[in-house]
Amino acid sequence: MTTLDDSGPGQGQPNPVGPSPQVTERCRGAVPYLSSATPPSPSTFFETKEFLRIAPPKISHRHRQLTDETSSPKNTPTDTATPTTMPELFNPIGDKVEKVAPAAAAGDDDEKVVEEIESLCMNCEENGVTRMLLTKIPYFREIIVMSFSCDKCGYSNNEVQPAGTFQLKGARYELRLFGMADFQRTVVKSDTATAKFIELDVEIPAGKGQLTNVEGLLTTVLDDLEFGQEKRKEEQPEVYAKVAEVIAKGRKMLAGESFPFRVAVDDPAGNSFIAPDPRDGVGKWEKREYLRTPEQNTALGLTDTAQQTNDLDEQGNIIPDQVYSFPASCPGCLHPCTTNMKMVDIPHFRQVVIMNTTCDACGYKSNDVKTGGEIPEKGKKVTIRVKNALDLARDILKSESCAMECPELSLSVNPGTLGGRFTTVEGLLTQVRDDLHSQIFDADANADASARKHDGLSTDEKTRWEEFFNNLNAAINGEKEFTIILTDPLACSYVQSLADDPSQPDDQMTVEWYERTDEEEEDLGLKDMKVEGYEEDAEPAKENGEAKEGEAQS
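This one's a predicted model, so the numbers in the text were calculated from it and none came from an experiment. Along every chain, residues carry numbers that run from 1 in the direction the sequence is written. Local features in this predicted model are restricted to residues of pLDDT 70 or higher, and side-chain atom pairs are both shown and tallied only at a pLDDT of 80 or more, whereas totals for entire chains, interfaces and linings draw on every residue. To obtain the side-chain values, all non-hydrogen atoms of the structure were included, while hydrogens and water were left out.

Taking strand neighbours across the sheet as the criterion, the five strands line up as β21-β20-β23-β18-β25 in an open arrangement whose pairing is antiparallel. Only two strands of the sheet have a single neighbouring strand rather than two, namely β21 (411–413) and β25 (509–514). On average, each strand axis in the sheet is inclined to that of its neighbour by 10 degrees, with strand direction left out of account. Pairing between strands is defined by DSSP: at least two bridges between the two strands are required. Numbering goes from the N terminus for both helices and strands, where a helix is a DSSP run of H or I of at least four residues and a strand is a run of E of at least two. Both strand β20 (residues 403–406) and strand β23 (residues 482–488) contribute to a ladder of three bridges, which runs antiparallel. When the bridges of β23 are listed, alanine 403 appears paired with threonine 487. Between N-to-C directions, angles cover 0 to 180 degrees, with each direction set by a line fitted to C-alpha atoms, over the stretch in contact for helices.

What follows is the structure, encoded as structure tokens:
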């Protein structure tokens, strides 16, 4: 697998050869925006195809502290009749344009979108200028876009940093490209994320934050690979030939001759993003959240707060129906909080572990359900027809490995998107609606139309989303019949039956057992798992090892 390092051109080092014409053209489209007094339209910002690699200085803890002190009550004058409020710092690009455009037309230079700070140039050690833009990405969250330039030596650099904190879980996004329009999907890659073009077998390691789209991401990868090819040709002909093959394959992808192919962004901090589209079908755009490993927590500078507990039975197992508490850190405000865990027995199903995290400082709440037990030989597909309020009140357990579809509502939820949920049918649909609505319109589902922000959405996209939410609300209110299809390769999902025998499905339910596909087996790691006869494989390996050791000694 080819891996890019951060020592190539555009990674904080001056390029003696000079970037390619494509990269230069993209830079001309990105940097003037940050130095311009009047920003362009929102679409201009999101169509920029350049990696925004940002140079120091970074936003420090002291800077955030000063911002908090500025907005604190002690700095508010007490002799005024009308209290002053701090303006919203992180607004969508469209709101900033609407605010600045009238002031610019009137010749008022006091209204600024981009902050400018004089800072030290790391190349010539003279003073340069760092420009910062605080904005909000549609479907995502707040970010800080920074651009540094030095008039003395001409050095410049760009970077993107998440304005929030580490998320509770890591996130992996994967997009399958089928046409040229998919190249325009917005990509946010934080400094803790890795990106990979799977069919190309090229991985971009964690480094500086980047705001681009899929076309810009792939173009810059190929440009970085082409840098130094002449030197490789002379010193390492074998490596030169392999890199040339990768570059040729990547250029075909850019030309639209190798569809479909996939791009993935994996961020243990959960602060990266690939933009979705309301027309995406099942399997085209996927988001999966996961618990970080101890190694990933260490790399992020997080300490493992898990502690051993003695509240176990004689065999060292968790006692059912007993609540276990252990300390944690709130992902919203980083204050200490408590995570509660309890094992419960769902009648006619199995034991599950319910986990809850609540922060008293900021009000953050999180719930998750984990299923246990052995892995069945087949997957399970449950189909239920929801007709009335009684069906909406059915208990339902959707595991992390379960995919959910509602054909009448044009709704599809990929495995891992919502995590594990044990609730009712109404509660599950409400959770889907609230999560999607807050990402798309940056407002609660019950908010007025005036409170909804849809910066970056075209008129057609806005209409499609509103129609989707109207159908979803009708289903939640019991005004529309619909079907829920749960497909779980691990058979860990459950829907309450209203039959006389609760262990059997009722008239509105169908339960099917199916053979898992090779792709599902691979995703679940079952192909590499061997629980019987592994001792036989261990003996030949041990004998081969002893034989090689004997040959080495002789």
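As a further point, take the packing of aromatic side chains. Classification of ring pairs rests on two measures: the distance between centres of Phe, Tyr or Trp rings, Trp counted by its six-membered ring, which must be within 6.5 Å, and the angle between planes, read as stacked under 30 degrees, edge-to-face over 60 and tilted in between. Per the stated rule, a full pass over the model turns up nine aromatic pairs. Where tyrosine 173 meets tryptophan 285, the ring centres are 5.9 Å apart and the plane angle is 55 degrees; that geometry is what we call tilted. Taken together, the residues tyrosine 173 in strand β6 (residues 170–177) and tryptophan 285 in strand β13 (residues 285–290) connect sequence positions 112 residues apart. The pair formed by tyrosine 173 and tryptophan 285 is uniform in burial state, with each residue classed as buried. Taken together, the aromatic side chains of Tyr173, Phe273 and Trp285 make up a single cluster linked through ring pairs. Exposed residues in this analysis have more than 50% of their type's maximum accessible area, buried residues have under 20%, and partly exposed residues fall in between, with area computed by a 1.4 Å probe over protein chains only.

Right, let's get into the pairing of strand β8 (residues 194–197). Side chains Ala195 and Phe197 project from β8 onto a buried face, and the interleaved Thr194 and Lys196 project onto a face without burial. Note: β8 against strand β9 (residues 202–204), three bridges, orientation antiparallel. Residue lysine 196 lies in a different strand from β9, and its bridge partner there is glutamate 203. In textbook terms, the turn of a hairpin is the stretch between consecutive antiparallel strands, and for β8 and β9 this stretch comprises four residues, one of which, aspartate 201, has a positive phi near 60 degrees.

Residues grouped as a nonpolar core are buried Ala, Val, Leu, Ile, Met, Phe, Trp, Tyr and Cys residues, joined through side-chain atoms within 4.5 Å. Ranked by size, the top nonpolar core spans 39 residues in total, and within it Phe197, Leu200, Val214, Leu218, Val263 and Ile274 carry the most contacts. Of the residues forming this core, the biggest block, six residues, is contributed by helix α5 (residues 214–226). With residues near it in sequence (within four places) discarded, isoleucine 274 still touches Tyr173, Leu175, Thr186, Val187, Val263, Val265 and Trp285. Among the nonpolar cores identified, the runner-up in size contains 30 residues, and Leu392, Met404, Cys406 and Leu428 belong to it. Contacts are residue-level and defined by heavy atoms, with any inter-residue pair within 4.5 Å sufficient.

Moving on, we get to the pattern of salt bridges. Whenever Lys or Arg places a side-chain nitrogen within 4 Å of a carboxyl oxygen from Asp or Glu, that contact is recorded as a salt bridge. What the rule picks out here adds up to 21 salt bridges. Between aspartate 223 and arginine 251 there is a salt bridge, with its nearest N and O atoms 3.2 Å apart. Of this pair, aspartate 223 sits in helix α5 while arginine 251 sits in helix α7 (residues 237–254), and the two are 28 residues apart along the sequence. Exposure remark for aspartate 223: the relative accessible area of 11% places this residue in the buried category. Residue glutamate 289 pairs with lysine 287 through a salt bridge whose shortest N-O separation is 3.5 Å. Relative accessible area serves as the criterion here: at 16%, lysine 287 is assigned to the buried category. Within this structure, Arg172, Glu174, Glu199 and Arg262 form a network of salt bridges that share partners.

On to helix α11 (residues 459–476), then. For a helix, the expected span equals 1.5 Å multiplied by the residue count minus one. For α11, with 18 residues, the first-to-last C-alpha span of 26 Å sits near the 26 Å given by 1.5 Å per residue. Of the residues making up α11, those classed as buried are Glu461, Trp465, Phe468, Phe469, Leu472, Ala474, Ala475 and Ile476. Packed against the buried residues of α11 are α9 (389–392), β21, α10 (425–440) and β23. Note on α11: the residue one or two positions beyond its end, glycine 478, has a positive phi of about 80 degrees.

A few words now on unusual backbone geometry. In the segment running from phenylalanine 259 into proline 260, the intervening peptide bond is cis, with an omega of -5 degrees. Inspection of the secondary structure puts proline 260 in the loop between α7 and β11 (261–267). The backbone of glutamate 125 sits at a positive phi, close to 65 degrees, despite the residue not being glycine. Unlike most non-glycine residues, aspartate 201 shows phi in positive territory, near 60 degrees.

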